[in-house]
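Notes for the structure review
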Amino acid sequence: MALPALLPLLPLLLVRAATPPEPVPVPGSVPTDPPLPAQPPDALFAAGAEAYSRGDWPAVVLQMERALRARAAVRSRLVRCRLRCANATAGPGEGAEPRAEPQPDPVLRDLLFFRGLLRRAACLRGCGPAAPSRYRLGEELDREFSKRSPYNYLQVAYFKMNRPAQAAAAAHTFFMANPGHQEMRQNLEYYQAMAGVREDDFTDLEAKPHLSEFRLGVRFYTEEQPAAAILHLEKALEEYFVADAECRALCEGPYDYEGYNYLEYNTDLFQAITDHYMQVLSCKQGCVTELASQPGREKPLEDFLPSHFNYLQFAYYNNGNYEKAIECAKTYLLFFPNDEVMNQNLAYYTAVLGENLAGPIQPREEIQAYRQRSLMEKELLFFSYDVFGIPFVDPDTWTPEEVIPKRLREKQKAERETAARISEEIGNLMKEIETLVEEKAKESADMSKFIREGGPLVYEGASVTMNSKTLNGSQRVVVDGVLSAEECRELQRLTNAAASAGDGYRGKTSPHTPSETFYGVTVLKALKLGQEGKVPLQSAYLYYNVTEKVRHMMESYFRLEVPLHFSYSHLVCRTAIDEKQEGRSDNSHEVHVDNCILNAEALVCVKEPPAYTFRDYSAILYLNGDFEGGAFYFTELDAKTETAEVQPQCGRAVGFSSGSENPHGVKAVTKGQRCAIALWFTLDPRHSERERVQADDLVKMLFGTEEGDLLRETELEQEPPAAVTVGKDEL
């Protein structure tokens, strides 16, 4: 048991209780404190999201930047208040050795102890906001700020306002915390190619100072510039302890009941105090992980604080400062006393400097105090884990074994051994299952795919003319009668009136082949042009409703248990360039797969970025057939062996799953114009198209909900916006 190591602390607490401090006035707001915002962060965030939904880009910038500043101001005031109250109400003899003095009566001791708590609480109440709950963020919205979602809104708004430098900074800031966000990755590539955007604009607006300085220090260290490395690593340490104090202060919040009903929480005074205090201590220990975590990285930097001194001891040595090298080596050894390399370094530095000069050099005092505090907190946490069952995961690798109670050490050892044995057994079982699955997969795959599809088309006049079997594949269908001849002509006229060259491809008129021009228009753009009177509004509304029609047909025919969400929609026309057809050997669109990168030579399709890995189903609805070439076709993974061909015609739709089972391409359009609506869908609502949300809102405004019976119900506030899309694969 590690509890006896805590006993020397008890007389110190009693001495402080026996000699109460002089009355300390409750501090009010200090002039250096940032003023509280007039509106709380959640209200400002909601206002920014609402402005985004109506396309008011200046208001988005105003409200989202205010929300970011408001959250920072509230957090800063809270930290300053808690730190100031901790210092103002501390008893005398802070950090002093306990003195042998008569101890008070137990009742008086408790009263004196709680008097100190009351004074601390009064101080906090005096310097905090008048209505603290008004400024407290809910868990969901706090996560949005942690994920830097406001910057996603901001980069869209800045882009729409033609402020590319600010858009690049906002996009970069968001991407640093969300490196798997593929649309944002594409946006950054787009911004890099834009005029007026410099490399310096790609800056992390939420960078943590201690991490920035640390990275600079390590960079100069690797470049063998010890003086510069020392400067930045020392600055990193300074900023680290500022961030550590702030992080620990923010842990002193209300008790988190962690999922169970607080009305059922029933315990006595001291158990309740223990529960809350252990939760606070566990949070404070978690600051080790928090401060070592880099945005967008799953794992924190291991042994982050000690590693500063590992770099510093060698940097000081290379700079010829043996005194500092010894100090840093000894400081590092506080954490890892048995590190063989560091002990060898220390012995070398000592030999060079001389024992008489090296001996008196001590580890840094602030690190000694940090380590002592951390060990005392760990002892309390491990004791509560052992006795009360309150879980604690130690964030450090340097914790001495003796800090952990013996019974808990034995329990953890047994758990590790059991986990290793179970892991081995599961691994063996999984191998057996994989073998069995591989044997059965070939027998059942085709049958299960055919059985799954074949649901009703839900619209009168539409009929299946080819299914997976006749198309020689799986999850494939051709449906005729989706549009009437007049609807096809109306949509084709809309394309010629509203589409712009290279839409979705940064203005490239011929993005897929130099022998054809490419024009396109999205649903939202068509609706806005209709609203402005530049194209027939009913034609734009037809375009919108037709895409919804195809979505419902796909859901029903493939018997999907969850709804499809639009990933991207594009009304496009490919037109043959007459003078470039002679000797032509390429396709209108080469064979590809919609959600993975096809390697035809290796016969594999890699599902990883930059592919649109979130796409699940694809469809293309043809508007005409009065052109030459332009057939749609499926192939094997080799991209050469054709398995099926579909000739476009008015009202014909091709639907299929977006995975490696369906490589496809478009043969060359050699004469005339081929028009179609290309659609991609996802089962994951997180990747639904944000432009579609705006289109839904615009339709509701223009036509009313009673007319828009095909509208999806969406709320922008429930999800962060996806980034501005700047390029898509077209069917």
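The numbering scheme is per chain: residues are counted from 1 as the chain's sequence reads. Where local features are concerned, this predicted model is filtered to residues with pLDDT of at least 70; where side-chain atom pairs are given and counted, the filter is 80 or more; whole-chain, interface and lining totals use all residues. Each side-chain value is worked out from all heavy atoms of the structure, with water and hydrogens disregarded.

**A few points about the overall build of the chain**
Put simply, DSSP marks the helices as runs of H or I at least four residues long and the strands as runs of E at least two long, and each gets a number from the N terminus on. Counting secondary structure elements, the chain contains 21 helices and 16 strands. Each residue is assigned to one of three classes by its accessible area relative to the maximum for its type, calculated with a 1.4 Å probe on protein chains only: buried under 20%, partly exposed between the two thresholds, exposed over 50%. Taking all 731 residues of the chain together, 45% fall into the buried category. Note on contacts: a residue pair qualifies if any of its non-hydrogen atoms lie within 4.5 Å across the two residues. Of the contacts formed within the chain by residues at least 6 apart in sequence, a portion of 76% connects residues at least 24 apart. Within the structure as shown, the chain displays about 37000 Å² of accessible surface, and the carbon and sulfur contribution to it stands at 53%. All accessibility values rest on the Shrake-Rupley procedure with a 1.4 Å probe; residue burial counts only the protein chains present in the view.

**A closer look at the nonpolar core**
Remark: nonpolar core denotes a set of buried residues (Ala, Val, Leu, Ile, Met, Phe, Trp, Tyr, Cys) joined through side-chain atoms within 4.5 Å. Judged by nonpolar contacts, the single largest core of 50 residues is most densely connected at Leu305, Phe309, Leu312, Ile326 and Phe335. Of all the elements in the fold, those that place two or more residues in this core are α9 (209-222), α10 (226-250), α11 (269-292), α12 (304-318), α13 (322-335), α14 (340-353) and α16 (365-388). The dominant element in this core, judged by the number of residues it contributes, is α13, at eight residues. Excluding residues that lie within four positions of it along the chain, Phe335 makes contacts with Leu305, Pro306, Ile367, Tyr370 and Trp398. If you look at the next biggest cluster of nonpolar residues, it comprises 47 residues, including Cys488, Ala526, Met554 and Phe703.

**Quick word on empty space enclosed by the protein**
As defined here, a cavity is a set of points on a 1 Å grid over the protein atoms alone where a 1.4 Å probe fits but cannot get out. A pocket is an open set with protein on both sides within 12 Å along at least five of seven lines, and residues line them when an atom is within 4 Å of a point. Grid points are joined across faces, edges and corners, and a volume is the space filled by probe spheres set on the points. In total, this model carries four cavities of 30 Å³ or more according to the counting rule given. Its boundaries defined by the atoms lining it, the largest cavity holds a volume of some 80 Å³. Looking at the largest cavity, the residues that line it are Leu457, Val477, Val479, Val550, Met553, Met554, Tyr557, Ala619, Ala653, Val654 and Gly655. When residues of the lining of the largest cavity are assigned to their parent elements, the largest contribution, four residues, is made by helix α20 (residues 537-557). Note on residue classes: Ala, Val, Leu, Ile, Met, Phe, Trp, Tyr, Cys and Pro are nonpolar, Asp, Glu, Lys and Arg are charged, and everything else, Gly too, is polar. For the lining of the largest cavity, the per-class residue count stands at 10 nonpolar, one polar and no charged.

**Some points on the side chain of Asn595**
Residue position: Asn595 is located in the loop between β6 (589-592) and β7 (597-599). Those residues in contact with Asn595 that sit more than four places away from it in its chain are Lys607, Ala611, Tyr612, Thr613, Arg615, Ser658, Gly659 and Ser660.

**Quick look at the packing of helix α2 (residues 41-53) against helix α5 (residues 139-146)**
Contact geometry of α2 with α5 gives a least axis separation of 11 Å together with a crossing angle of 70°. Relative to α5, the element α2 lies roughly perpendicular. Our pair here, α2 against α5, has a crossing hand that is left-handed. Across from Pro41, Asp42 and Phe45 in α2, the residues of α5 making contact are Leu141, Glu144 and Phe145. A per-class count over the contact of α2 with α5 returns four nonpolar, no polar and two charged. What counts as an axis is a line fitted to C-alpha atoms, over the stretch in contact for a helix, and the angles between N-to-C directions run from 0 to 180 degrees. Any angle between 65 and 115 degrees counts as roughly perpendicular, while under 35 counts as roughly parallel, over 145 as roughly antiparallel, and the rest as oblique. Crossing handedness is read from the near helix: turned anticlockwise from the far helix by less than a right angle, it gives a left-handed crossing, and turned clockwise, a right-handed one.

**As for unusual backbone geometry**
Although it is not a glycine, Asp303 sits at a positive phi angle of roughly 50°. If you trace the backbone, Asp303 turns up in the loop between α11 and α12. Owing to a relative accessible area of 23%, Asp303 belongs among the partly exposed residues under this scheme. Despite not being glycine, Ala639 shows a phi value in the positive range, around 65°. Tracing the chain through its elements places Ala639 in the loop between β11 (632-635) and β12 (642-646).

**Quick look at the sheet that holds β6**
Two orientations exist for strands paired in a sheet by backbone hydrogen bonds: parallel and antiparallel. Taken together, the four strands give an open sheet; going across it, the order is β6-β14-β11-β12, and neighbouring strands pair in antiparallel fashion. Both edges of this open sheet fall to β6 and β12, since each of them pairs with a single strand only. Strand-to-strand twist of the sheet, defined as the mean angle between neighbouring strand axes without regard to direction, takes the value 15°. For two strands to be treated as a pair, DSSP must find at least two bridges joining them. Relative to strand β14 (residues 664-666), β6 runs antiparallel, the two sharing two bridges. Paired with His592 across the two strands is His664, which belongs to β14.

**A short note on the packing of helix α7 (residues 164-177) against helix α8 (residues 182-192)**
Interhelical geometry of α7 versus α8 gives an angle of 150° and a closest axis separation of 10 Å. When you trace α7 past α8, the crossing you get is left-handed. Residues Ala167, Ala168, Ala171, His172, Phe174 and Phe175 of α7 form the contact with α8, whose participating residues are Met184, Arg185, Leu188 and Tyr191. Broken down by class, the residue content of the contact of α7 with α8 amounts to eight nonpolar, one polar and one charged.

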